[in-house]
Amino acid sequence: MSAIAVAKKDFQDAVRSRGLIALTVIFVLFTVGGAYVGTQVAGVFGDEAGDTLDLVYALQSPASFLVPIIALLIGYGAVAGERERGSLKFLLGLPHTRWDVVFGKIVGRSAVVTVSILVGFAAGFVAIFAFTGSVSPAEYVVFTLLTVLLGFVYVCIGVGLSSMTRSTTRAAVGAFGLLGLLWLLWGFIGNLLLYLDTGSAFLFESPAPDWYLAFISLPPGPAYGSAIGAVLGESGFTAVSFYEQQGLIEGGLPVVAEPWFGFVILALWAMIPLLIGLLRFDRVDL
Amino acid sequence: MIRTVPAIRLTDVTKRYGDETALSGLDLEVKQGEIYGFLGPNGAGKSTTINLLLDFVRPTSGEVRVFDFDAQSEGLAIRERTGILPEGFSLYDRLSGRKHIEFAIESKGVSDDPDALLERVGIPDAAEKKVGGYSKGMTQRLALAAAIAGEPDLLILDEPSTGLDPAGAREMREIIRQERDRGATIFFSSHILEQVDAVCDRVGILRDGELVAEDSVSGLREATADETTLIVELDRLPKNATEQVAALDGVSKVTTQGSTATVSCRDDVKTRVLRAFEDSGATVENFEAEESSLEDLFISYTTGASA
């Protein structure tokens, strides 16, 4: 109950921030742009039934790029910011535990990110309808829900990092350092290891080593792609499924690279930073 | 609540931040139903003590209990019975005053009327206004309204008159009295004596993390009644002079500034104090004696070099 009161207050507070409005506008522009590109691609292939799926392909990239940024921007100041400004003294002076505060923040900020995603995707939905005159709502809804899940995972990461420090600067460095690691370094490290293992930094020959397929499936982005593939029963949302189509994989996927395992990976990404943040926040002097 | 249980009890509490000792071996007991003034200069450890009560920080050693609940393991039970006006806090700039009070009411699970609370602290017209536009004094009043919501058994007020003008400070004291009369215990800290003097049943004076005096206000007055403050101007201050004077029976405090010594002592030892200075090799150039006020006592307890 207590966490819900915190969440409600936090949502009312955060949803009034101008930054959120700006982020949502950018997101709308990207989904409408993505919808346009998606429908153009569908038109090229003359594939009417695939409209929504093509749209999902087209929107997956901007979503997996923008949603983490939005969620981290919304999340990183959640706890550290209140500590820095001193409003945490007011909040914790009321009968809430520190866990209540962190969980309330997760719920409140997730709700904020969800609003942003829903606005963006509603615009995308309207756009594709305007461009093509037909949409398959079921696939679109599934895609939207999984994107909300991705947003939730990054809110957990952001709030987790925010709970570890009293400085919003440090929380921001942590959050965007992590994005740099996941988006830039991860692939590079993968290629480096692949080079050390096989003598080539890129996959040209079959079979792809299992460890490499597992490694590139681990960040939240690929896990999000895996989850979309698992639910929609389609391939093409992850690099692994691309390699599969190219015939570079023999003898099945390692379990980590299985589409359904994307959900497990997302859950771990949500829980591990959050748990570390909670344990730390629960112990420190404020 | 069993009336015999102390509202607040600290037993041999030490708190260190790194190498710095904020509190050392503090024992403190506040009875239910009293207004306890917690006095001391800035940096004496008042806020650390309050932060310990609220479980914002944890003791290095010792035990902190509020209504016999352990501050650390039963902090929620404490805060369910306690209204808090913290020091150095901020509120949510984008939310209105009423939203804050509604949030406090919901958090405490009570059913107070937000408007009545805002009325009581004197800011009924600011209910719809966003707190970002509040003055420091209005913010302080709003936080007080949140603190007294739900009639808590204990009110912890850290420097409550911060940002208030004299009239506002008087209203604050009035509310403190009303809350005590309703049956609440009030623990409030201040570095300004007159606020404590006007309203407190009992006063504790904290200095450098230790309780250096504790008594009722009238008790402190009595203790100071036959006290004299002797201001002695010397040609120079020889080594050990301070120690020799401080060691005299009837001398409670010696502070020095340059070659001027300020001595708090019993009326009848004045001449012995002067002789002690002369014995140490100094020449008394001038001296002045004045009756101690509570203010002097406070200042002698909380400032200057210790004897």
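Residues numbered from 1 in each chain as written. Chains lettered and ligands numbered in written order. Predicted model: local features only at pLDDT ≥ 70, side-chain atom pairs only at ≥ 80, totals over all residues. Heavy atoms only, no water.

Chemist: Help me understand the overall build of chain B in this model?
Modeler: Summing up its helical and strand segments, chain B has 11 helices and 14 strands in all. For the C-alpha atoms alone, the extent of chain B along its principal axes is close to 70 × 40 × 35 Å. In chain B, which comprises 307 residues, the proportion classed as buried is 52%. The long-range fraction of contacts in chain B, counting pairs at least 24 apart against all pairs at least 6 apart in sequence, stands at 69%. Accessible surface, chain B: about 13200 Å² in total, of which carbon and sulfur atoms supply 44%. (Helix = DSSP H or I, 4+ residues; strand = E, 2+ residues; numbered from the N terminus. Buried < 20%, exposed > 50% of the residue type's maximum accessible area, 1.4 Å probe, protein only. Contact = heavy atoms within 4.5 Å. Areas by Shrake-Rupley, 256 points an atom, 1.4 Å probe, with all protein chains shown as cover.)

Chemist: Would you mind showing me how to read the interface of chain B and chain A here?
Modeler: Where the parts come together, the accessible area they lose is often given as the size of the interface. Taken together, the contact between chain B and chain A spans 28 residues of the former and 28 residues of the latter. Approximately 2700 Å² of surface area, both sides summed, lies buried where chain B meets chain A, with 60% of it carried by carbon and sulfur atoms. Where chain B meets chain A, there are three salt bridges. Viewed at the interface, chain A and chain B are joined by 19 residue pairs in polar contact (both at pLDDT 80 or more). If one sorts the elements of the side of chain B that touches chain A by residue count, helix 3 (residues 97-108) of chain B sits on top with seven residues. Of the residues assigned to the side of chain B that touches chain A, the class counts are 13 nonpolar, five polar and 10 charged. (Buried area = accessible area lost by both parts, 1.4 Å probe. Salt bridge = Lys/Arg side-chain N within 4 Å of Asp/Glu carboxyl O. Polar contact = N/O pair within 3.5 Å; in protein donor to acceptor, adjacent residues only side chain to side chain. Nonpolar A, V, L, I, M, F, W, Y, C, P; charged D, E, K, R; others polar.)

Chemist: Looking at this model, I keep getting lost on the pairing of strand 13 (residues 260-266) of chain B. Mind explaining?
Modeler: Residue and element names in this part refer to chain B. Pairing between strand 11 (residues 227-234) and strand 13: seven bridges, direction antiparallel. Among the inter-strand pairings, threonine 229 is bridged to a residue of strand 13, identified as serine 264. Relative to strand 13, strand 12 (residues 251-257) runs antiparallel, the two sharing six bridges. Looking at the pairing, threonine 255 lines up with threonine 262 of strand 13. Between strand 12 and the antiparallel strand that follows it, strand 13, lie two residues; glycine 258 among them carries a positive phi value of about 60°. (Pairing = 2+ DSSP bridges.)

Chemist: Sorry, what's going on with unusual backbone geometry here?
Modeler: Excluding glycine, residues mostly have negative phi values, and the peptide bonds linking residues are mostly trans. All names here are of chain B. The phi angle at aspartate 12 is positive, at roughly 50°, despite the residue not being glycine. By the secondary structure assignment, aspartate 12 is in strand 1 (residues 8-17). Taking relative accessible area as the criterion, aspartate 12 reaches 46% and is therefore assigned partly exposed. One non-glycine residue, glutamate 159, lies in the positive phi region at around 50°. Locating glutamate 159 in the fold gives a position in the loop between strand 7 (154-158) and helix 6 (166-182).

Chemist: Explain the nonpolar core to me, please; I cannot follow it from the model alone.
Modeler: Here is a general trend for soluble globular proteins: nonpolar side chains tend to be buried in one another's company. Counting 154 residues, the largest nonpolar core has Phe187(B) and Phe188(B) as the members making the most contacts within it. With 12 residues, the single largest contributor to this core is helix 7 (residues 137-163) of chain A. Not counting residues up to four positions away in its chain, the partners in contact with Phe188(B) are Ile35(B), Tyr36(B), Gly37(B), Phe38(B), Leu157(B), Pro160(B), Ile176(B), Gln195(B), Val196(B), Val199(B) and Cys200(B). If you look at the next biggest cluster of nonpolar residues, it comprises 16 residues, including Val251(B), Cys265(B), Val273(B) and Ala276(B). (Core = buried A, V, L, I, M, F, W, Y, C linked by side-chain atoms within 4.5 Å.)

Chemist: Even after reading the chapter, I still don't get the sheet that holds strand 9 (residues 202-207) of chain B, so can you show me in this structure?
Modeler: Hydrogen bonding along the main chain pairs the strands of a sheet, whether they run parallel or antiparallel. Residues and elements named next belong to chain B. The mixed open sheet is built from six strands, whose spatial order is 6-7-8-3-9-10. Looking along the sheet, the strands with just one partner apiece sit at the ends: strand 6 (82-85) and strand 10 (210-216). Across the sheet, the axes of successive neighbouring strands diverge by a mean angle of 15°, strand direction being ignored. Bridging between strand 3 (residues 35-39) and strand 8 (residues 185-190) involves five bridges; their strand directions are parallel. If you follow phenylalanine 38 over to strand 8, its bridge partner there is serine 189. In the packing of helix 6 onto the sheet, the strands contacted are strand 3, strand 6, strand 7 and strand 8, and the crossing angle to strand 8 comes to about 150°. (Axes fitted to C-alpha atoms, helices over the stretch in contact; angles between N-to-C directions.)

Chemist: So what exactly am I meant to see when it comes to the domain arrangement of chain B here?
Modeler: The domain boundaries assigned to chain B delineate domain 1 (8-219) and domain 2 (226-302). Taken over C-alpha atoms, the centre of domain 1 of chain B sits 37 Å from the centre of domain 2 of chain B. (Domains from an automatic or database assignment.)

Chemist: For this particular structure, what's the right way to read a positive patch on the surface?
Modeler: All names here are of chain A. There is a patch of like positive charges on the surface, built from Arg166, Arg170, Arg280 and Arg283. With respect to the helices, strands and loops of the structure, arginine 170 is situated in helix 8 (residues 168-198). Its relative accessible area of 60% is what places arginine 170 among the exposed residues. (Patch = residues over 30% accessible without salt bridge, like charges linked within 9 Å, V, L, I, M, F, W, Y side chains within 5 Å. Lys, Arg positive; Asp, Glu negative; His and termini not counted. Charge placed at Lys NZ, Arg CZ, Asp CG, Glu CD.)

Chemist: Explain the side chain of Ser241(A) here, please?
Modeler: Residue and element names in this part refer to chain A. Tracing the sequence through the fold places serine 241 in helix 11 (residues 239-245). The exposure class of serine 241 is buried, given its relative accessible area of 7%. For serine 241, the side chain forms a polar contact with the main-chain oxygen of threonine 238, separated by 2.9 Å. With near-sequence residues (within four places) excluded, serine 241 lies in contact with Ser235 and Gly236.

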